[in-house]
Amino acid sequence: MPTRHFLSLMDLSTNEFRALIDRAIELKAETRAGKISTLMQGKTAVLVFEKSSTRTRVSFETGVGQFGGKSIFLAPSESHLGRGESIEDTARVLSRMANLIIMRTGAHERIETMAKFASVPVINGLSDFNHPCQLLADIQAYTEHRGDIRGKTVAWIGDGNNVCHSWMNAARQLDFKLNIATPEDHQPDTILIQQCADYISLTTDPREAVTESVLVVTDTWSGMGFEKEKKQRESIFGSYCVDEKLMQEAAPDALFMHCLPAYRGSEVTSGVIDGPQSIVWDEAENRLHAQKALMEFLLLEDAGN
Ligand code: CP
Ligand code: NVA
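Residues numbered from 1 in each chain as written. Chains lettered and ligands numbered in written order. Predicted model: local features only at pLDDT ≥ 70, side-chain atom pairs only at ≥ 80, totals over all residues. Heavy atoms only, no water.

### Here we look at the environment of Thr204
Defined as follows: The secondary structure listing takes helices from DSSP runs of H or I that are at least 4 residues long and strands from runs of E that are at least 2 residues long, numbered from the N terminus. Three labels apply to residues, based on accessible area from a 1.4 Å probe with only protein chains included: buried if under 20% of the type maximum, exposed if over 50%, partly exposed otherwise in between. The contact definition used throughout considers only heavy atoms, calling two residues in contact when any of these lie within 4.5 Å.
You can see Thr204 is positioned in the loop between strand S7 (200-203) and helix H8 (206-210). Classification of Thr204 by relative accessible area gives partly exposed; the value is 39%. As for Thr204 and Ile157, which are separated by 47 residues in sequence, their C-alpha atoms are 9.2 Å apart. Leaving out residues up to four positions away in the same chain, Thr204 has contacts with Thr182, Pro183, Glu184 and Tyr240.

### Describing the side chain of Asn286
One can find Asn286 in helix H12 (residues 280-303). Taking the relative accessible area as the measure of exposure, Asn286 reaches 0% and is therefore buried. The residues contacting Asn286, other than those within four sequence positions of it, are Lys28, Ala137, Gln140, Ala141, Glu144 and Gln291.

### Quick word on the pattern of salt bridges
Basically, it comes down to this: Every case where a carboxyl oxygen of Asp or Glu lies within 4 Å of a side-chain nitrogen of Lys or Arg is listed as a salt bridge.
Scanning all chains against the criterion turns up 20 salt bridges. In this structure, Glu30 engages Lys35 in a salt bridge whose closest nitrogen and oxygen atoms are separated by 3.7 Å. In this structure Lys35 comes out as exposed when scored by relative accessible area, which is 56%. The partner of Asp89 in a salt bridge is Arg92, with the nearest N and O atoms 2.8 Å apart.

### Topic: the sheet that holds strand S8 (residues 215-218)
Spelled out, the test is: Pairing between strands is defined by DSSP: at least two bridges between them are needed. Lines fitted to C-alpha atoms define the axes, with helix axes restricted to the stretch in contact, and inter-axis angles between N-to-C directions lie between 0 and 180 degrees.
Pairing in this open sheet of five strands is parallel, and the strands run S7-S6-S5-S8-S9 from one edge to the other. Each edge of the sheet is formed by a strand with only one pairing partner; in this case those strands are S7 and strand S9 (255-258). The average angle at which neighbouring strand axes cross in this sheet is 20°, direction not considered. Taken strand by strand, helix H5 (residues 132-146) contacts S8 and S9, and its axis lies near 165° from that of S9.

### Re the sheet that holds strand S3 (residues 100-104)
Spatial ordering of the open sheet is given by S2-S1-S3-S4, a layout of four strands whose pairing is parallel. Of all the strands in the sheet, just strand S2 (70-74) and strand S4 (122-124) have a single pairing partner and so form its edges. Strand-to-strand twist across the sheet, computed as the mean angle between neighbouring axes with direction ignored, equals 20°. Both S3 and S4 contribute to a ladder of three bridges, which runs parallel. Among the inter-strand pairings, Ile101 is bridged to a residue of S4, identified as Val122.

### Some points on the layout of surface pockets
Stated formally: As defined here, a cavity is a set of points on a 1 Å grid over the protein atoms alone where a 1.4 Å probe fits but cannot get out. A pocket is an open set with protein on both sides within 12 Å along at least five of seven lines, and residues line them when an atom is within 4 Å of a point. Grid points are joined across faces, edges and corners, and a volume is the space filled by probe spheres set on the points. Just so you know the grouping, Ala, Val, Leu, Ile, Met, Phe, Trp, Tyr, Cys and Pro go in nonpolar, Asp, Glu, Lys and Arg go in charged, and all remaining residues, Gly too, go in polar.
Volume-wise, the largest pocket comes out at about 570 Å³. What lines the largest pocket is a set of 31 residues, among which Leu126, Asn162, Thr220, Gly223 and Met224 lie closest to the centre. Sorting elements by how many residues they give to the lining of the largest pocket places helix H6 (residues 162-174) first, with three residues. For the lining of the largest pocket, the class distribution of residues is eight nonpolar, 13 polar and 10 charged. Of the pockets and cavities examined, the second largest pocket occupies roughly 160 Å³. Looking at the second largest pocket, the residues that line it are Arg23, Leu27, Glu30, Thr31, Lys35, Ile36, Ser37, Leu39, Gln66, Phe67, Lys292 and Glu296. Of all elements in the fold, only helix H1 (14-32) and H12 reach the threshold of two or more residues within the lining of the second largest pocket. Sort the elements by how many residues they give to the lining of the second largest pocket and H1 lands first, with four residues. Looking at side-chain class alone, the lining of the second largest pocket contains four nonpolar, three polar and five charged residues.

Here it is, written out as structure tokens:
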């Protein structure tokens, strides 16, 4: 059997996705009850991060530690990747020593190359194209608060970016409706729009998107790599701020999510993100539990090979 990787939510079957969420909820309870796991005893996970991170790094390193394993963080400036060693050779070498590779980078092709040449599972810890680990945590959070997301309507407000792309994949995997409101020139990827056509709607009007939505989701307007456009983006996205007024247009008990880091006063007001409808801290915590479920799944699959 070929090595299973997790570069996109589409690398899972719907049943596997649902089972991972159930397992993440179970692992959360087990961790809180103090249950000890030795799943990764004697095993190593290497984190190859070519972009900044707070949550993804800490959740993976903490999860590996809770499983009794060892994590090694490789920043490009401290490894030969930053001096021109190829991803192909890095993948081959890491596979001879480690049991898991978690990669965060810009161009999605870099993660695909890592996976192509690695003989251990590779996890996408964010690329410019998508952020599937975030969605495991987000779906876990929604499920914990409201139950099954199937058949529900969710609104994405702001930039049609990497996190939006993973929400689109989640919609087609789990059969819910995603209303996407973006400025015209910031729509999601065209091919992905076609692939998800049955599950999404596109608009430039945030109010239209949130109508009947039980969950409103946003993200920073200037993700990593777009810092130079920050000022320009602030003006383009000005009317896409998720504020109290917009939340009132959504379903009465609608929840609010943001993958973080958040910029209060830009994409969201503090009244919303720090208010009663926000579940952003559960989302953030769930990065730990959902990724533990993911690592367990991939390591057990790998052991079966
Ligand atoms: N949400 C998220 O991936 O956060 P970090 O960039 O801090 O890892
Ligand atoms: N869209 C953001 C997500 C950060 C977790 C970015 O790519 O920077």
